[in-house]
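One letter stands for each residue in the lines below.
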Amino acid sequence: VGGLFNGKIAPLIPYAICGALWYQGEANSVPEKAQFYEAQLKLLVTDWRARWGQEFPFAWVQLPNFGGPGRDWPAVREAMLKTLALPQTGMAITIDIGEEKDIHPKNKQDVGRRLAAWALGTVYGQKVATSGPLPAGHQVRGREVVLSFKHTDGGLIAKGGELKGF
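Everything in this summary refers to the structure shown in the same document. (Residues numbered from 1 in each chain as written. Predicted model: local features only at pLDDT ≥ 70, side-chain atom pairs only at ≥ 80, totals over all residues. Heavy atoms only, no water.)

**What about the pattern of salt bridges?**
Stage number 1. The final tally for this structure, using the stated rule, is 7 salt bridges.
Stage number 2. The closest approach of N and O atoms between aspartate 47 and arginine 51, which form a salt bridge, is 2.7 Å. Of this pair, aspartate 47 and arginine 51 are both found in helix α3 (residues 37–52), 4 residues apart, which corresponds to roughly one turn of the helix.
Stage number 3. Judged by its relative accessible area of 26%, aspartate 47 falls in the partly exposed class. (Salt bridge = Lys/Arg side-chain N within 4 Å of Asp/Glu carboxyl O. Helix = DSSP H or I, 4+ residues; strand = E, 2+ residues; numbered from the N terminus. Buried < 20%, exposed > 50% of the residue type's maximum accessible area, 1.4 Å probe, protein only.)

Rendered as structure tokens:
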């Protein structure tokens, strides 16, 4: 991995940068690595910003809904979510456009559109939806847990009918 940084990223450091987009994480989903991904992603963002000497916008693509065995996909997705605590960061939600049996989903257009919407809204100040739904909290009411979300643009819709087993 260090060789990739030294060969691909380090030579770019003298040049100006407006932001970064990151699409990676599947290699970190093996159970013995997944627990470290939150620290690794935060380190990546803060290290690159330190090297360039500026707090530039940084966004990444959430791992899609791939269902391959022997991996801890939810832990990596959660690490990506938690890393949004860093300023000027964003995440393209892709859980709905992936493919259960292919880690590299064919629908790259929507991935690009979601990253572009984040950049247009967050970096360039346009009035567009900058994210898909993200958890905003919960309340326990008797035997129910009521979840709240931000970035819902007026509501949530379940694909394929009513939610079951949620």
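There is more to say after this.
**Some points on unusual backbone geometry**
Stage number 1. A positive phi angle, close to 55 degrees, is found at glutamine 88, a residue other than glycine.
Stage number 2. Inspection of the secondary structure puts glutamine 88 in the loop between α4 (73–82) and β3 (89–92).
Stage number 3. Of note, histidine 151 is a non-glycine position whose phi angle comes to about 65 degrees, a positive value.
Stage number 4. In this structure, histidine 151 sits in the segment after β5 (144–150).
Stage number 5. Judged by its relative accessible area of 35%, histidine 151 falls in the partly exposed class.

**Some details on the sheet that holds strand β2 (residues 58–61)**
Stage number 1. Ordered in space as β1-β2-β3, the 3 strands form an open sheet in which the pairing is parallel. The open sheet has two edge strands, β1 (20–22) and β3, and neither has a second partner. Pairwise comparison of adjacent strand axes, ignoring direction, gives a mean angle of 20 degrees for this sheet.
Stage number 2. Of the pairings in the sheet, the one linking β2 to β3 comprises 4 bridges and is parallel in character. When the bridges of β3 are listed, alanine 59 appears paired with glycine 90.
Stage number 3. Against the sheet, α3 engages β1, β2 and β3, with an angle of about 145 degrees to β2. (Pairing = 2+ DSSP bridges. Axes fitted to C-alpha atoms, helices over the stretch in contact; angles between N-to-C directions. Contact = heavy atoms within 4.5 Å.)

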